Every structure is written in structure tokens, then in C-alpha cells.
Amino acid sequence: MSKMLNEICDMLDGYTGRDKIIRTLCYTTKLASGLYAQSDPTRAKKLAIFSSKMSQTRATLRLFDDLPMLAYSLSYGSGSKEPDRWMGLIGFVTNLIDHAYYPVDKICWLIEHNLLNVENPTRWDTINSMLWVASIYLNLMKTIRSFTVMEQHKSCIDKQENESSQAFRMLLIKQRMEAISILRLSLDLIHAGSTLPKGMLWGGRFQTWHVGLIGSISSLLGLYQYVAKKRIVKQSC
């Protein structure tokens, strides 16, 4: 019990962990709201309000992501440190898209809170969603490429001599984590595509509980990865 409490406190103590918990609360309550829509409208409305407030909290916290993103992009550079040139190129382009996403996201936040008046607010929401879809898609492609490169590395290893080594076990663990990332990003891409206007991809076709279910599974996978990666780091030290 004490160990679990400490892990939860560690997550809440940092931005990334706190965001993952807020995201999980947002989508699990959205799922519950959709499921209660017919049987208990009052409860569904309360859950929807809570989900909306959690979403607004994440949007507000994203207002401060520009400088960390800039620092990451500067350290990433052209992606020369990646194990594969295609991964480096995809990562570089993704960073450019993310730098375009954050200002647009801020404009959408200002419009939503009536701090900025524009002629066509929906257009900004559409641009925001398009950048989000593009970023997730490229991250998915990069992760699939990373998984493939790891598989190639495995095939070059003499398993009889190395399959019991720590390095080989760590490679297997990292590959499994990448497989989970592929599933999570695929779900995120489905979700992001649903926020587009009708007529673009599958925009507007999902019901509330569909979005809640997809977001909940993705969020739980993200929580698992966050905890698992911290344990992997401790084991490797």
C-alpha cells in the first residue's frame, strides 16, 4: 500500500505524471457519461461536466509547453542521434509541426474563453485538429520504424550467447514498450481524426462513449508505460 501511494505521489509531483492522471480521469468520466446518457441523464451530465473541466485543465497547462518543447527541439536537432536516418527525419518534421500546434492551440484557448474574437472560430479548431493528427501520425510512423530497427538488431544477435545477457533482455523490454506505444498512438490517431469536421477522415462519426473508450484505453496504456519506464530506469542503474 505504501509503495503504491509513493508511486502515485511521484506521478502527481511532476508535470508528465500529473497530466497522465488528469487525462485518464477526463476520458474515463467521458466514457461513463456516454454510457449513462440514456439510463441516468442527470448523472451523465455531471460526469460530462467533470470530464470537460479535466480537459480544460490540460488545455490550460499546455499554455506553458512552448519553452520545454523548444528546449527539446534544440537538443534533438536534425535527429542525428537517432539510430536510423528516417527516424531522425520524421522526428525533425514532427517537432516543426508541434511548434506550429502550440500557438494555434493557444489561439483556440483564447477563443474558447472569449478573450479573442475571430471571424471563423471553427477554422482554428480545424487547423488545431489537423496539426494534432499530423503529429500523432508521424510519431506513430517513427515508433513503427523504431520497432522494426530493434527487430533487425535482434536478428543480428547470436541468441545462444547473448539471449541471457542484460543488454538483450533490455532490448526485448524496450521493443515491448514500443509495441505498446504503437497501440496507444493508433488509438490516439483514431481519436484525433474524430475531432475533424464531418467529411474529413472519420470526423464527427463517433459517439461520446466511443471517444471515452478510445481515450480511456490510450490513457491507461500511457499510465502503464510511465510506471514501467521508471522501473526500467531503476533496474538499469
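Here the structure is a predicted model, which is why all the values come from computation and not from measurement. Residue positions are given per chain, counted from 1 along the sequence in the order it is written. It should be noted that, the model being predicted, local features are given only for residues of pLDDT at least 70 and side-chain atom pairs only at 80 or more, the latter also being counted only at that level, while totals for whole chains, interfaces and linings use all residues. The side-chain values count all of the structure's non-hydrogen atoms but skip hydrogen atoms and water molecules.

**Q** What's the story with the packing of helix α4 (residues 66–76) against helix α5 (residues 85–112) in this structure? I'm lost.
**A** When two helices pack together, their arrangement is given by the angle between their axes and by how far apart the axes lie. As a packed pair, α4 and α5 sit with axes 11 Å apart at the nearest point and diverge in direction by 160°. With respect to each other, α4 and α5 are oriented roughly antiparallel. Of the two elements, α4 crosses α5, and the hand of that crossing is left-handed. Contacts from Asp66, Met69, Leu70, Tyr72, Ser73 and Tyr76 of α4 reach α5 at Met87, Gly88, Gly91, Phe92, Asn95, Asp98, His99, Tyr102 and Lys106. Polar here means any residue other than Ala, Val, Leu, Ile, Met, Phe, Trp, Tyr, Cys and Pro, which are nonpolar, and Asp, Glu, Lys and Arg, which are charged; Gly is therefore polar. For the contact of α4 with α5, a count of residues per class yields seven nonpolar, five polar and three charged. Each axis is a line fitted through C-alpha atoms, and for a helix only the stretch in contact is used; angles between axes span 0 to 180 degrees, taken between their N-to-C directions. A run of H or I in DSSP becomes a helix once it reaches four residues, and a run of E becomes a strand once it reaches two; helices and strands are each numbered from the N terminus. Any angle that is under 35 degrees is reported as roughly parallel, and any over 145 degrees as roughly antiparallel; angles of 65 to 115 degrees are reported as roughly perpendicular and all others as oblique. It is the rotation of the near helix from the far one that decides the hand of a crossing: anticlockwise by less than a right angle makes it left-handed, clockwise makes it right-handed. Contacts are assigned to residue pairs with any non-hydrogen atoms lying within 4.5 Å of each other.

**Q** Help me understand the nonpolar core in this model?
**A** Nonpolar side chains in soluble globular proteins generally cluster together in the buried interior. By size, the foremost hydrophobic cluster in this structure holds nine residues: Met69, Ile90, Ile97, Tyr101, Tyr102, Val104, Cys108, Leu131 and Leu138. For this core, the secondary structure elements donating two or more residues are α5 and α6 (121–155). Broken down by element, this core gets its largest block of residues, six residues, from α5. Leaving out residues up to four positions away in the same chain, Ile97 has contacts with Leu131, Ala134, Ser135 and Leu138. Definition of nonpolar core: a set of buried residues of the types Ala, Val, Leu, Ile, Met, Phe, Trp, Tyr and Cys, connected through side-chain atoms within 4.5 Å. When accessible area is computed with a 1.4 Å probe and restricted to protein chains, residues below 20% of their type maximum are described as buried, those above 50% as exposed, and intermediate ones as partly exposed.

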